[in-house]
Amino acid sequence: MTTPQATLSSVAQGDAPVLEQLVEMNLDSLESSGLDPKTYFLVRLAALVAMDAAPASYVINMGMAADAGVTLEEAQGMLVAISPVVGSARVASAAGKVLRCFGVAVASEMASEQ
């Protein structure tokens, strides 16, 4: 039996089965939305901020957003645009989670290079 700590560790390290299942759950929503991919992922990131989502949600969505061509500047612009609506505390919380996501990604890349 897998412990919750082991499951979280797997997600943090990019364990494919968990992340792949989460991605598969959302495959049709891009096409069904009628939005271009960049707009779609900016909207999803804004929703994550509004919900005060968990860091793992950012890992999944930010990777796909980057693949769709969303730049860091566009993500920052989205945060500026939504901050009057969701509040500074949510934006600050999201920024911290995003930085942690990048830290995990960088650490994972460095480990795979060794």
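Look a little higher up for the structure.
For the structure given in this document, a descriptive report is provided here. Please read these numbers as outputs of a predicted model, since none were measured by experiment.

### Brief notes about helix α6 (residues 72-86)
1) Next: The terminal C-alpha atoms of α6, which comprises 15 residues, lie 20 Å apart, in line with the 21 Å expected from a rise of 1.5 Å per residue.
2) Next: V80 marks the point of greatest bend in α6, at about 25°, and the proline P84 comes within the next four residues.
3) Next: Taken together, the buried residues of α6 touch α4 (37-51).
4) Next: Immediately downstream of α6, the backbone of G87 shows phi near 100°, a positive value.

### Examining the nonpolar core
1) Next: F41, V49, Y58 and M78 are the most contacted members of the largest nonpolar core, which has 18 residues in total.
2) Next: When residues of this core are traced back to their parent elements, those giving at least two are α4, α5 (55-67), α6 and α7 (88-113).
3) Next: By residue number, the principal contributor to this core is α4, which donates 7 residues.
4) Next: Leaving out residues up to four positions away in the same chain, V49 has contacts with Y58, L79, I82, V86, R90, V91 and A94.

### What about the packing of α4 against α5?
Angle between the axes and distance between the axes: these two values describe a pair of packed helices.
1) Next: It is at 10 Å that the axes of α4 and α5 come closest, and there the two elements cross at 165°. One element, α4, and the other, α5, form an angle in the roughly antiparallel class. Crossing of α4 against α5: the hand is left-handed. Packed against α4, whose contacting residues are F41, R44, L45, L48 and V49, the element α5 presents S57, Y58, N61, M62, M64 and A65 at the interface.
2) Next: Residues belonging to the contact of α4 with α5 are distributed by class as follows: 8 nonpolar, 2 polar and 1 charged.

Quick notes on the rules
Residues numbered from 1 in each chain as written. Predicted model: local features only at pLDDT ≥ 70, side-chain atom pairs only at ≥ 80, totals over all residues. Heavy atoms only, no water. Helix = DSSP H or I, 4+ residues; strand = E, 2+ residues; numbered from the N terminus. Expected span 1.5 Å × (residues − 1). Bend = angle between axes of the 7 residues up to and from the residue. Contact = heavy atoms within 4.5 Å. Core = buried A, V, L, I, M, F, W, Y, C linked by side-chain atoms within 4.5 Å. Buried < 20%, exposed > 50% of the residue type's maximum accessible area, 1.4 Å probe, protein only. Axes fitted to C-alpha atoms, helices over the stretch in contact; angles between N-to-C directions. Parallel < 35°, antiparallel > 145°, perpendicular 65-115°, else oblique. Left-handed = near helix turned anticlockwise from the far one by under 90°. Nonpolar A, V, L, I, M, F, W, Y, C, P; charged D, E, K, R; others polar.

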